[in-house]
Amino acid sequence: TAIPIDFDRDDPDRKQFGKLVWRGGINLYAKSPFFGGYSALIIGPSGKSLLAISDAGTWLRANVDYDGRKLKGLSGASIGPILGRDGKPLAGDAQQDSEGLALIDGDTSKGSAYVAFERNHRVLRYPFTSDRFGPPDGGLTLPAETKRMSANRGIEAIVPIRIGRLKGTTVLFSERLPDKNGNLRGWLIGGPTPGAIALKNVGGFDITDAAALPDGGILVLERRFRYSEGVKMRIRRVAANDLKPGALISGEVLLEASDSLNIDNMEGIAVHQGASGETVLTLISDDNFSALQRTLLMQFALPDGKPVLAEPRPR
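Here goes a summary of the coordinates provided. (Residues numbered from 1 in each chain as written. Predicted model: local features only at pLDDT ≥ 70, side-chain atom pairs only at ≥ 80, totals over all residues. Heavy atoms only, no water.)

Points about the overall build of the protein
At step 1: The helix and strand inventory of the protein stands at one helix and 24 strands.
At step 2: Taken against the 2.2 N^0.38 rule, which gives 20 Å for 315 residues, the C-alpha radius of gyration of the protein at 18 Å falls within 12% of a compact globule.
At step 3: In terms of overall dimensions, the protein has a C-alpha envelope of 60 × 40 × 40 Å along the principal axes.
At step 4: Looking at the protein residue by residue over its 315 residues, the buried ones come to 52%.
At step 5: Contacts in the protein between residues at least 24 apart in sequence constitute 52% of all its contacts with a sequence separation of at least 6.
At step 6: Put simply, the protein shows about 13,800 Å² of open surface, and 52% of that area lies on carbon and sulfur atoms. (Helix = DSSP H or I, 4+ residues; strand = E, 2+ residues; numbered from the N terminus. Rg over C-alpha atoms; globule rule 2.2 N^0.38 Å. Buried < 20%, exposed > 50% of the residue type's maximum accessible area, 1.4 Å probe, protein only. Contact = heavy atoms within 4.5 Å. Areas by Shrake-Rupley, 256 points an atom, 1.4 Å probe, with all protein chains shown as cover.)

Written out as structure tokens, the structure reads:
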């Protein structure tokens, strides 16, 4: 079941938020006890298919439906287990806690993807089909520095770079592994110039995901939670030229939002190109299987200097 949401509850006609344009959102429900906990996702190149992973060791695949350009719902959904090396569903929190997902080849129905797990920290390569996810057939060797990661703050973001001078590089970020200056550690794995990088710590946010942009740059999704102030989210754009070993990256803030707007525990971000050429961002929230949290799916457009027309209002 999908219920439409507005990003600004008090002003549903508002579409501009920071440097992004609201394209619609939905609050998702399902009766299955396996539904929820979604921490990362892939969106097909047309924007009409979705593959997500849950920190309970499951996957969700569905068609993404629209009313014009406005996100409307999901259809044809299926849920299944992520398999271990033995071909059996992962069991126990230490093995199931999948937090990062990145497509290596194929599409949302068949291909291979990297999956990052925390608690037992690892990044594995998973072949998948429309009804099966795994077993894994390889993975990435993590930098020695990742041994400092705490159990619940592992690798959250995996971004293969497919264009430009860093083609062949995979960018990794932990949720919160501070360097000596308190900035957030990341790495360039493989490619022409591997090495460590850092994202400037601005306001005590944690990294929850990242996604590749068509120009070779990346988007970084961040979250901050304090009982005294609720939850916040932020999206930063990092230029391709800023991704180099030893770099301290500030990035450009595209959007920062508190829970005065309609957000939850935003953990996943994916990118595809819209029919009119704009970059479309899809975000998903992790409800932690809690009745107090929600599974939200929402989309924004990044016009990149091009005007994005608002949806016509009904007369």
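Focus on the side chain of D8
At step 1: Here D8 lies in the loop between β1 (2-5) and β2 (16-17).
At step 2: A relative accessible area of 10% places D8 in the buried class.
At step 3: At 3.0 Å, the side chain of D8 forms a polar contact with the backbone nitrogen of D10.
At step 4: Among the polar contacts listed, one links the side chain of D8 to the side chain of R14, at a separation of 3.3 Å.
At step 5: Beyond its immediate chain neighbours, meaning those up to four positions away, D8 contacts R14, F17 and L261. (Polar contact = N/O pair within 3.5 Å; in protein donor to acceptor, adjacent residues only side chain to side chain.)

Topic: the nonpolar core
At step 1: In this structure, F7, M233, I235, L283, M298 and F300 are the most contacted members of the largest nonpolar core, which totals 26 residues.
At step 2: Elements with a minimum of two residues in this core: β3 (20-28), β18 (218-226), β19 (230-238), β21 (252-258), β22 (266-273), β23 (279-285) and β24 (295-302).
At step 3: If one sorts the elements of this core by residue count, β24 sits on top with four residues.
At step 4: Here F7 is in contact with F17, W22, L255, A257, L261, N262, I263, M298 and F300, once residues within four sequence places are set aside.
At step 5: Ranked by size, the runner-up nonpolar core spans 18 residues in total, among them V171, I218, V238 and I249. (Core = buried A, V, L, I, M, F, W, Y, C linked by side-chain atoms within 4.5 Å.)

Side note on the pairing of strand β15 (residues 184-190)
Consecutive residues of a regular strand have side chains that alternate between opposite faces of the sheet.
At step 1: Counting buried residues in β15 gives six out of seven residues, a clear majority hidden from the surface.
At step 2: Here strand β14 (residues 169-178) hands over to β15 after five residues, with G182 in that stretch at a positive phi of 85 degrees.
At step 3: Here β15 pairs with strand β16 (residues 195-199) via five bridges, running antiparallel. Paired with W187 across the bridge in β16 is A196. (Pairing = 2+ DSSP bridges.)

Some remarks on the pattern of salt bridges
At step 1: Inspection of the entire model under this criterion finds 17 salt bridges.
At step 2: A salt bridge links R234 to E256; the nearest nitrogen and oxygen atoms lie 3.5 Å apart. With R234 in strand β19 and E256 in strand β21, the pair connects residues that are 22 residues apart, well separated along the chain.
At step 3: Taking the relative accessible area as the measure of exposure, E256 reaches 42% and is therefore partly exposed. (Salt bridge = Lys/Arg side-chain N within 4 Å of Asp/Glu carboxyl O.)

With respect to the sheet that holds strand β17 (residues 206-212)
At step 1: Taken in spatial order, the four strands make up an open sheet running β17-β18-β19-β21, and their pairing is antiparallel. In this open sheet, the two edge strands, each paired with only one partner strand, are β17 and β21. Neighbouring strand axes in the sheet, compared pairwise and without regard to direction, differ in orientation by 15 degrees on average.
At step 2: Examined bridge by bridge, β19 and β21 share six bridges and lie antiparallel to one another. Looking across to β21, one finds that R237 is bridged to E252. (Axes fitted to C-alpha atoms, helices over the stretch in contact; angles between N-to-C directions.)

Regarding the environment of R223
At step 1: Tracing the sequence through the fold places R223 in strand β18.
At step 2: The exposure class of R223 is buried, given its relative accessible area of 12%.
At step 3: C-alpha of R223 to C-alpha of S258: the two residues are 35 residues apart in sequence and 9.7 Å apart in space.
At step 4: In this view, R223 contacts E175, F205, D206, T208, V231, K232, M233, N265, M266 and E267; residues no more than four positions away in its chain are not counted.
At step 5: There is a polar contact of 3.0 Å between the side chain of R223 and the side chain of E175.

By themselves these figures say nothing about function.
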